[in-house]
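Here is what each chain is made of, one letter per residue.
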Amino acid sequence: MEFVEDSVEAEEREHDGSVPVRFVRDFVELPLPFEVAAPLLSRQSAEWLGDLASEVTADDAGLRAVLGLRAGLLRTPVAFRIASPRRLGDDELQLPMTWEGAQAPWLFPRLDGLLGVSKVGPELCQLWLEGSYRPPLGRTGLLIDQTLLYRVADATIRRFLEHVARGLVELGSAGT
């Protein structure tokens, strides 16, 4: 499960016309200075994922973990991959990421996106996630997504961000 960036494969997926791509973006405030939050998020460990992660590995390509994300009433393991961080100037850090169902990936959408932290003020950051996914199961999946599942996707992303924010604040407060 690798992050696909500027590749022919990604372009073909985006333009194959079978099911439209859905875009998501959400953010939470992070009561930490950027100078504290960015190095914590850049670590090649899953400390900031806390008890959300299991089966964590890190290598030169980045961080891999299995997340126990809750999607509505369903709690499903998600294969999560974060590539090496990119620093944009002095006030933004981006981590290319993907997540997809660890079991029955054909049943859950694969999210390709960016997890990031941006400086808002001297003691405040914004932790954000933006990305895109294609609803699974073709046109039937698109109809289900339009009526219900996009709300599940939004809620799952919000819970993920809140969990990561709590982990970063705990690490930042502990001075780690």
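This text follows the structure it describes.
Keep in mind the model is a prediction, meaning the values are calculated, not measured. Residue numbers restart at each chain and count upward from 1, following the sequence in its written direction. Side-chain atom pairs in this predicted model are given and counted only at pLDDT of 80 or more, local residue features only at pLDDT of at least 70, and totals for whole chains, interfaces and linings cover all residues. Side-chain figures throughout are based on the complete set of non-hydrogen atoms in the structure, without hydrogens or water.

### Here's the deal with the side chain of His163
Then comes step 1: On the secondary structure map, His163 appears in helix α3 (residues 138–174).
Then comes step 2: Once residues within four sequence positions are removed from consideration, His163 is found in contact with Trp48, Leu49, Gly50, Asp51 and Leu52. A run of DSSP states H or I qualifies as a helix once it reaches four residues; a run of E qualifies as a strand once it reaches two. Both are numbered from the N-terminal end. For this analysis, residues touch if any pair of their heavy atoms sits within 4.5 Å.

### Regarding the environment of Gly121
Then comes step 1: Tracing the backbone shows Gly121 in strand β7 (residues 111–121).
Then comes step 2: As for Gly121 and Leu32, which are separated by 89 residues in sequence, their C-alpha atoms are 9.3 Å apart.

### Quick word on the pairing of β7
Then comes step 1: By the criterion of burial, β7 is predominantly enclosed, with 9 of the 11 residues buried.
Then comes step 2: Relative to β7, strand β6 (residues 92–101) runs antiparallel, the two sharing 8 bridges. Its bridge partner being in β7, Trp99 is matched across the sheet by Leu111.
Then comes step 3: Here, any two strands with at least 2 DSSP bridges between them count as paired. When β7 meets strand β8 (residues 124–133), the two strands line up antiparallel, connected through 9 bridges. If you follow Gly116 over to β8, its bridge partner there is Trp128.
Then comes step 4: The loop that links β7 with its antiparallel partner β8 comprises 2 residues. Under the scheme applied here, a residue whose accessible area is under 20% of the maximum for its type counts as buried, over 50% as exposed, and between as partly exposed, the area being computed with a 1.4 Å probe on protein chains only.

### Notes on the nonpolar core
Then comes step 1: Of all hydrophobic cores here, the largest spans 35 residues; its most connected members are Leu41, Trp48, Leu115 and Leu127.
Then comes step 2: If you list the elements that add at least two residues to this core, you get β1 (22–30), α2 (34–42), β4 (74–83), β6, β7, β8 and α3.
Then comes step 3: If one sorts the elements of this core by residue count, α3 sits on top with 8 residues. Here the nonpolar core consists of buried residues drawn from Ala, Val, Leu, Ile, Met, Phe, Trp, Tyr and Cys, with membership extended through side-chain atoms lying within 4.5 Å.

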